[in-house]
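For reference, the chains in residue letters:
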Number of protein chains: 2
Amino acid sequence: MKEKILLAHGSGGKLSHDLIREVFLPAFDNKFLRELTDSAVFNRQGSRWAFTTDSYVIRPLFFPGGDIGKLAVSGTINDLAVMGAKPIFLSCSLIIEEGLSLSTLKRVISSMRQTADDAGVEIITGDTKVVEHGSADGLFINTSGIGLLSTKSETSSPRIKAGDKIIINGSIGDHSIATLSGREEFDFRTQVKSDCAPLNDLIGKVLSQSSGVKLMRDPTRGGVATILNEMAMEQEFGIELWEERVPIKQETIAISEMLGFDPLYLANEGKVIFIVEDEEAKKVIKILRSHPLGKQSEIIGRVILEPRGKVYLRTCIGTTRVLDMLSGDQLPRIC
Amino acid sequence: MKEKILLAHGSGGKLSHDLIREVFLPAFDNKFLRELTDSAVFNRQGSRWAFTTDSYVIRPLFFPGGDIGKLAVSGTINDLAVMGAKPIFLSCSLIIEEGLSLSTLKRVISSMRQTADDAGVEIITGDTKVVEHGSADGLFINTSGIGLLSTKSETSSPRIKAGDKIIINGSIGDHSIATLSGREEFDFRTQVKSDCAPLNDLIGKVLSQSSGVKLMRDPTRGGVATILNEMAMEQEFGIELWEERVPIKQETIAISEMLGFDPLYLANEGKVIFIVEDEEAKKVIKILRSHPLGKQSEIIGRVILEPRGKVYLRTCIGTTRVLDMLSGDQLPRIC
């Protein structure tokens, strides 16, 4: 392992996984953390709870389609929702660089409140720290969240098996492209807006109308490619991804080519990947497409028996290749 | 209000209060936050929970008696414990500056684990972000925590009344003095170590053996003076603090005089202030002194009827004066 922390340790890719497996898991060893899911799930007093945390360090603070406040509320809600939990309460802890304008802070806080209201969650506890000018970059936000799972969901979902379908609720890469367009060092204009949004309502509708969902993850840092790898890793199945079926905007393709990014590794902040029972896939697509955040939903792949633990990409020209998780750091400070 | 965020907005004193009342409360308005307690308390599914969050930005990362990891676990445990909750689970979210040595990170994580083990809590979910060199200062840690309250404690504690006693579990200012001694810009040596410690066991023992405790707060940022003001603020009572009874180390007095600090405003990280029924005060002192973290416990004041909402200091020379909450920023980045 490297002797110093690199930007890539925070990218969600290979080095992030190394850090978790070599530093955090051995130290904080317990059955909850070992699951490495988006939220920890625990039972207490006859109820089933999810608990999660995320710090947001995105640059710039405001970007087309959102801002760090909307992101901080949406991201933590989504980490609860993909575990099947109904998000209830959030915390909000700010690290502010001395000199931040009060009007900027107010805009961010107002955006957090709006997003929380829209999603039906309450921000009930908080903290503020201020560090000297030069010791942070404007504003960092941590939100932690608590959600409730139905005790029904305790019965483990049916086993994932070959033939199950992979579904996503819309176009990939929007968040990364929109964020980059807001950075001084990148000189391009785009109509693409961040997809940043709370997904609890969308996911709730799917779960209440179909029993076919076996697993959900949100493809944030590391993108669709990395999250599919996490879903397949150490499992008794593999995943085949169909490139031509993955929804993506033409502008995202063009900008990615220009900047040398692979869109499959771009972060999303309003997307969820479902593994769904084959027989239920069309129904789930129909439910998703009836929701404002799922209009471009598509079946983008399937579960395969071999090679297990890996993700195969079937490209538009018909070839297949192994799709690895992100190695190195494609885009720092995207969330 | 100021147009830019100043260090003093994070000091826990007057400007922090302004920020909470003028920005956060109006935006995140709800009954939980409005209490302005160390943790939010809510009822769900027949249980009573406490939820809290804190970000730690202390400089330096290692100081006599502790480090940022021990502090991050202890501080959040204490915010739950002073609400009468039994801390159960913590989250851990890191913001790391690119270039931090892996061995430093491992030392901090190991300290977090040790402190959590000692306190009987588990760290069950986490997040890591890395920002460019120069965009943060080494390492910032957020911990959020969940605790359970007995439903018994739902019956509101007996009303605070004149004659109730103010108790603290030991000497003040140790944490601030120890932290400063670790900073390059201060040129002094001291034997004083930070009091940084999880107080849940100490508080649990008091609550299980005495029913006389009416209110608890931990005098962290802003120190004893500020926290007593928060306890009395907008209440039907005042507080009289007896200077000569406040436990303080000779070295702390000497260093405070040298640096121009008032020890009553120095942050503590292993102290709790109790308001206790007069008849139970001696018993509580006995329980506290039988615990390793309470050997120097003292009754340091009493609740008075007038003037209400204020804190009066009865000085060693017999005069009295109003003791206000911290205004301005005495010591940045102390927690």
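Remember, it's a predicted structure, so these values are computed and weren't measured experimentally.

### A short note on the interface of chain A and chain B
Taken together, the contact between chain A and chain B spans 75 residues of the former and 75 residues of the latter. Counting the surface lost from both chain A and chain B, the interface buries some 6800 Å², and carbon and sulfur atoms represent 67% of this. Considering only the side of chain A, the residues that lose the most area to chain B are A:Ile5, A:Phe28 and A:Phe51, jointly responsible for 10% of the buried surface there. In this assembly, chain A and chain B are joined by eight salt bridges. For A:Arg59, the salt bridge is made with B:Glu132, and the minimal N-O distance between the two is 3.4 Å. Across the contact surface, chain A and chain B share 31 residue pairs in polar contact (both at pLDDT 80 or more). Within the residue set of the side of chain A that touches chain B, elements represented by two or more residues are α1 (14–27), α2 (31–34), β1 (40–44), β2 (47–56), β5 (86–97), α4 (102–119), β6 (122–131) and β7 (139–149) of chain A. Sort the elements by how many residues they give to the side of chain A that touches chain B and β6(A) lands first, with 10 residues. Across the side of chain A that touches chain B, the residue classes break down as 38 nonpolar, 20 polar and 17 charged.

### Details of the packing of α1(A) against helix α4 (residues 102–119) of chain B
Packing of α1(A) against α4(B) brings their axes to within 8 Å, and their N-to-C directions diverge by 30°. Here α4(B) runs roughly parallel to α1(A), going by the angle between their axes. Note on element contacts: α4(B) touches α1(A) through B:Leu102, B:Leu105, B:Lys106, B:Ile109 and B:Arg113, opposite A:Leu19, A:Val23, A:Phe24, A:Pro26 and A:Ala27. In terms of residue class, the contact of α1(A) with α4(B) is built from eight nonpolar, no polar and two charged.

### Describing the packing of aromatic side chains
What the rule picks out here adds up to 11 aromatic pairs over all chains. Seen from their ring centres, B:Phe186 and B:Phe188 are 6.5 Å apart, and the 70° between their planes marks the pair as edge-to-face. Looking at B:Phe186, the relative accessible area reads 22%, which means it is partly exposed. Here B:Phe188 falls in the buried class, since its relative accessible area comes to 8%. Put simply, the rings of A:Phe32, A:Phe42, A:Trp49, A:Phe89, B:Phe32, B:Phe42, B:Trp49 and B:Phe89 touch in pairs and so form one group of aromatic residues. Taking the ring centre of B:Phe62 as reference, the NZ or CZ of B:Arg107 above it sits at 3.7 Å. In this structure, B:Lys129 is placed above the aromatic ring of A:Tyr56, and the distance from its NZ or CZ to the ring centre is 5.2 Å.

### Side note on the sheet that holds strand β7 (residues 139–149) of chain B
Note on sheets: strands pair through backbone hydrogen bonds, and any given pair is parallel or antiparallel. Residue and element names in this part refer to chain B. With respect to topology, five strands assemble into an open sheet ordered β1-β2-β7-β5-β6, the strand pairing being mixed. Edge strands, defined here as strands with exactly one partner in the open sheet, are β1 (40–44) and β6 (122–131). Across the sheet, the axes of successive neighbouring strands diverge by a mean angle of 20°, strand direction being ignored. Sheet topology note: the strand β5 (residues 86–97)/β7 ladder contains eight bridges and is antiparallel.

### Description of the relation of the copies chain A and chain B
Turning chain A through 180° and shifting it by 0.0 Å along the axis lays it on chain B, with an RMSD of 0.0 Å. Expressed as a symmetry operation, the mapping of one chain copy onto the other fits a two-fold axis. Looking at the rotation axis and the C-alpha trace of chain A, the residue lying nearest is A:Ala136, at 2.0 Å. The overlap is high: 100% of the interface residues of chain A also sit at the interface in chain B, so the same surface is used on both sides.

### Comments concerning helix α3 (residues 68–81) of chain B
If you check α3(B), its first and last C-alpha atoms are 20 Å apart, about what 14 residues at 1.5 Å a residue would give, namely 20 Å. Sitting at the amino-terminal end of α3(B) is B:Asp67, which places a side-chain oxygen 2.7 Å from the backbone nitrogen of B:Gly69.

### Section: the side chain of A:Thr115
Note on placement: A:Thr115 falls in helix α4. With near-sequence residues (within four places) excluded, A:Thr115 lies in contact with A:Lys70, A:Val73, A:Ser74 and A:Pro198.

### Here we look at unusual backbone geometry
Residue and element names in this part refer to chain A. Arg 59 connects to Pro 60 through a cis peptide bond whose omega is -5°. By secondary structure assignment, the location of Pro 60 is in the loop between β2 and β3 (62–63). A cis amide bond links Glu 306 with the next residue in sequence, Pro 307, at an omega value of -5°. Its place among the elements puts Pro 307 in the loop between β12 (298–304) and β13 (311–314). One non-glycine residue, Leu 36, lies in positive phi territory at about 55°. Positive phi is not limited to glycine here, since Arg 333 has a value of about 55°. With respect to the element layout, Arg 333 can be found in the segment after β14 (320–322). Arg 333 gets classed as buried once you look at its relative accessible area, which sits at 4%.

### Overview of the domain arrangement of chain A
All names here are of chain A. By the assigned domains, chain A splits into domain 1 (37–149) and domain 2 (157–322). Each of domain 1 and domain 2 was reduced to a C-alpha centroid, and the two centroids are 23 Å apart. On the side of domain 2, 23 residues touch domain 1, which itself brings 21 residues to the contact. For the pair domain 1 and domain 2, the summed buried surface comes to about 1800 Å²; carbon and sulfur atoms form 58% of the total. By the criterion of area lost to domain 2, the three top residues of domain 1 are Arg 59, Pro 64 and Val 82, representing 30% of everything that side buries. Where domain 1 meets domain 2, there are two salt bridges. A salt bridge links Asp 38 to Arg 217; its shortest N-O distance comes to 2.8 Å. If you list the elements that add at least two residues to the side of domain 1 that touches domain 2, you get α3 (68–81) and α4. The element best represented in the side of domain 1 that touches domain 2 is α3, accounting for eight residues.

Conventions we followed
- Residues numbered from 1 in each chain as written.
- Chains lettered and ligands numbered in written order.
- Predicted model: local features only at pLDDT ≥ 70, side-chain atom pairs only at ≥ 80, totals over all residues.
- Heavy atoms only, no water.
- Contact = heavy atoms within 4.5 Å.
- Buried area = accessible area lost by both parts, 1.4 Å probe.
- Salt bridge = Lys/Arg side-chain N within 4 Å of Asp/Glu carboxyl O.
- Polar contact = N/O pair within 3.5 Å; in protein donor to acceptor, adjacent residues only side chain to side chain.
- Helix = DSSP H or I, 4+ residues; strand = E, 2+ residues; numbered from the N terminus.
- Nonpolar A, V, L, I, M, F, W, Y, C, P; charged D, E, K, R; others polar.
- Axes fitted to C-alpha atoms, helices over the stretch in contact; angles between N-to-C directions.
- Parallel < 35°, antiparallel > 145°, perpendicular 65-115°, else oblique.
- Phe/Tyr/Trp six-rings, centres within 6.5 Å; stacked < 30°, edge-to-face > 60°.
- Buried < 20%, exposed > 50% of the residue type's maximum accessible area, 1.4 Å probe, protein only.
- Lys NZ or Arg CZ within 6 Å of the ring centre and 35° of its normal.
- Pairing = 2+ DSSP bridges.
- Least-squares fit on C-alpha atoms with pLDDT ≥ 70 in both.
- Expected span 1.5 Å × (residues − 1).
- Domains from an automatic or database assignment.

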